[in-house]
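# Understanding the architecture of this molecule
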Amino acid sequence: SQQGEEDPQALSIQEGENATMNCSYKTSINNLQWYRQNSGRGLVHLILIRSNEREKHSGRLRVTLDTSKKSSSLLITASRAADTASYFCATANTGGFKTIFGAGTRLFVKA
Amino acid sequence: DVKVTQSSRYLVKRTGEKVFLECVQDMDHENMFWYRQDPGLGLRLIYFSYDVKMKEKGDIPEGYSVSREKKERFSLILESASTNQTSMYLCASSLYRGSYEQYFGPGTRLTVT
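Nothing here was measured: the structure is a model prediction, and the numbers come from that model. Sequence order as written defines the numbering, with residues in each chain counted from 1. Chain labels run from A onward and ligand labels from 1 onward, assigned in the order the entries are written. Local features in this predicted model are restricted to residues whose pLDDT is 70 or higher, and side-chain atom pairs enter the listing and the counts only when it is 80 or higher, whereas totals over whole chains, interfaces and linings include all residues. Side-chain metrics in this entry use all non-hydrogen atoms of the structure; hydrogen atoms and water are not considered.

## Notes on the nonpolar core
Grouped burial of nonpolar side chains is what soluble globular proteins tend to show. Applicable threshold: Buried residues of nine kinds, namely Ala, Val, Leu, Ile, Met, Phe, Trp, Tyr and Cys, make up a nonpolar core once their side-chain atoms join them within 4.5 Å. Working definition: with a 1.4 Å probe on protein chains only, accessible area under 20% of the residue-type maximum means buried, over 50% means exposed, and in between means partly exposed. Secondary structure counts use DSSP, requiring at least four H or I residues in a row for a helix and at least two E residues in a row for a strand, with both numbered from the N terminus.
In this structure, A:Met21, A:Leu32, A:Trp34, A:Leu74, A:Ile76, A:Tyr87 and A:Leu107 are the most contacted members of the largest nonpolar core, which totals 22 residues. For this core, the secondary-structure elements that each account for two or more residues are β2 (10-14), β3 (19-24), β4 (31-37), β5 (43-50), β7 (61-66), β8 (71-76), β9 (85-92) and β11 (105-110) of chain A. Counting 20 residues, the second-largest nonpolar core is a separate cluster that includes B:Leu11, B:Leu21, B:Val66 and B:Leu110.

## Describing the packing of aromatic side chains
Selection rule: The aromatic pairing rule takes the rings of Phe, Tyr and Trp, using the six-membered ring of Trp, and pairs them if the centres are within 6.5 Å, calling planes under 30 degrees apart stacked, those over 60 edge-to-face and the rest tilted. Any Lys NZ or Arg CZ that is within 6 Å of a ring centre and within 35 degrees of that ring's normal is treated as a charge sitting over the ring.
For the coordinates displayed, the defined rule picks out eight aromatic pairs over all chains. Measuring from centroid to centroid gives 5.8 Å for B:Tyr35 and B:Phe104, while their planes differ by 35°, and the two rings are tilted. Here B:Tyr35 is found in strand β4 (residues 31-38), whereas its partner B:Phe104 is found in strand β10 (residues 103-104), with 69 residues between them in sequence. Among the aromatic residues, ring-to-ring pairing joins A:Tyr35, A:Phe101, B:Phe33, B:Tyr35, B:Phe48 and B:Phe104 into one connected group. Here the guanidinium or amino end of B:Arg9 rests over the ring plane of B:Tyr10, the centre of that ring lying 5.6 Å away.

## Focus on the state of the cysteines
Each disulfide consists of one covalent bond between the sulfur atoms belonging to two cysteines. Residue and element names in this part refer to chain A. What counts here: The disulfide criterion used throughout: a pair of cysteine sulfur atoms within 2.5 Å.
By the definition in use, this model includes two disulfides over all chains. Across a sulfur-sulfur distance of 2.0 Å, Cys 23 and Cys 89 are joined as a disulfide pair. Handedness here is read from the sign of the S-S torsion; for Cys 23 and Cys 89, about 65°, the answer is right-handed. Of this pair, Cys 23 sits in strand β3 while Cys 89 sits in strand β9, placing them 66 residues apart in sequence. An identical accessibility class is assigned to Cys 23 and Cys 89; each is buried.

## Here's the deal with the interface of chain B and chain A
Often, the extent of an interface is quoted as the loss of accessible area on bringing the components together. As a reminder of what qualifies: When checking whether two residues touch, look at their non-hydrogen atoms; a contact exists if any pair is within 4.5 Å. Buried area is calculated as the accessible area (1.4 Å probe) missing from two parts once they are joined, with the contributions of both summed. A carboxyl oxygen of Asp or Glu within 4 Å of a side-chain nitrogen of Lys or Arg is what we treat as a salt bridge. Here a polar contact is recorded for every N or O atom pair within 3.5 Å, except that within protein the pair must consist of a potential hydrogen donor and a potential acceptor, and residues adjacent in sequence are included only if both atoms are side-chain atoms. Under the grouping applied here, Gly and all other residues not named as nonpolar or charged are polar, the nonpolar ones being Ala, Val, Leu, Ile, Met, Phe, Trp, Tyr, Cys and Pro and the charged ones Asp, Glu, Lys and Arg.
The interface is formed by 25 residues belonging to chain B together with 26 residues belonging to chain A. Of all residues in chain B, B:Leu43, B:Tyr100 and B:Phe104 give up the largest surface area on contact with chain A, accounting jointly for 31% of the area buried on that side. Taken together, chain B and chain A are joined by one salt bridge. In this structure, A:Lys98 and B:Asp59 form a salt bridge, with 4.0 Å as the shortest nitrogen-oxygen distance. On inspection of chain B and its partner chain A, the count reaches five residue pairs in polar contact (both at pLDDT 80 or more). Among the elements of the structure, β4, β5 (42-49) and β9 (87-94) of chain B are those that each provide at least two residues to the side of chain B that touches chain A. Residue composition of the side of chain B that touches chain A, grouped by class: twelve nonpolar, eight polar and five charged.

## Let's talk about the sheet that holds strand β3 (residues 19-25) of chain B
Residue and element names in this part refer to chain B. Put simply, the test is: Strand pairing requires that DSSP identify at least two bridges connecting the strands. Axes here refer to lines fitted to C-alpha atoms; in helices the fit is confined to the stretch in contact. Angles between the N-to-C directions go from 0 to 180 degrees.
One open sheet holds the four strands; their spatial order is β1-β3-β8-β7, and the pairing between them is antiparallel. Edge positions in the sheet fall to β1 (4-6) and β7 (64-70), since each of these pairs with one other strand and no more. Across the sheet, the axes of successive neighbouring strands diverge by a mean angle of 20°, strand direction being ignored. Two strands pair when backbone bridges link them, and β7 and strand β8 (residues 73-78) are joined in this way by five bridges, in the antiparallel orientation. Paired with Lys 70 across the two strands is Arg 73, which belongs to β8.

## A look at the pattern of salt bridges
All names here are of chain B. A full pass over the atoms with the stated rule returns ten salt bridges over all chains. Glu 22 is paired through a salt bridge with Arg 73; the nearest N and O atoms lie 3.7 Å apart. Taken together, the residues span a long stretch of sequence, with Glu 22 in strand β3 and Arg 73 in strand β8 at a distance of 51 residues. When its relative accessible area of 23% is taken as the criterion, Glu 22 is described as partly exposed. Looking at Arg 73, the relative accessible area reads 38%, which means it is partly exposed.

## Here's the deal with unusual backbone geometry
All names here are of chain A. Residues Asp 7 and Pro 8 are joined by a peptide bond in cis, for which omega reads 0°. Tracing the backbone shows Pro 8 in the loop between β1 (5-7) and β2. Phi is positive for Lys 70, close to 50°, though the residue is something other than glycine. Inspection of the secondary structure puts Lys 70 in the loop between β7 and β8.

## Some words on the environment of B:Gln102
All names here are of chain B. Among the structural elements, Gln 102 can be located in the loop between β9 and β10. What makes Gln 102 buried here is its relative accessible area of 1%. Along the primary structure Gln 102 and Cys 91 are separated by eleven residues, whereas in three dimensions their C-alpha atoms are 9.6 Å apart. A polar atom in the side chain of Gln 102 sits 2.9 Å from the side chain of Tyr 35.

Written as structure tokens, this is what we have:
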């Protein structure tokens, strides 16, 4: 069953602009994570936000979590061509064994 | 840095063949996972293992089996490959139960003809 659903499915922006991706999920979670996948490669963990946190920053990344709306957003500021990738949200219940990934947002940053 | 390696980047097999996909991690992680990734469906969990010789079914285990004889190695087996198993297969590991960050291998793109 698919827990996280990203929106939009695809996003195209100019270098230097900000990119915002959203994720909605259905059930209670322990945490929510964002991963990046460059074309045809494995996923790389970007950031984890716990269910009792509302906002988290890491470099140019800002993640928010609204558990009342069961949604999260990932903001990439001052995007670069190298940020071109697919971004996935993933939700986990306590224990960490059943992390459920969404279908992803494809981001294209034009130089 | 954690390194997760997979035995092949690309693999082409015929229908009915037995297929082995190997995954090795070098950081003494307890947990290992196998996913398949298909367009529009995200990653779906096939099997996971939280210890040597331990395995648990994920969301789509049908047609697959796994083996974990050593802590660092987790193998995915397609007993009799079918065309609907054509996919990207991703292996991942995480440190221990309760650690959520997963480290992924580069993936194996399997084509079954």
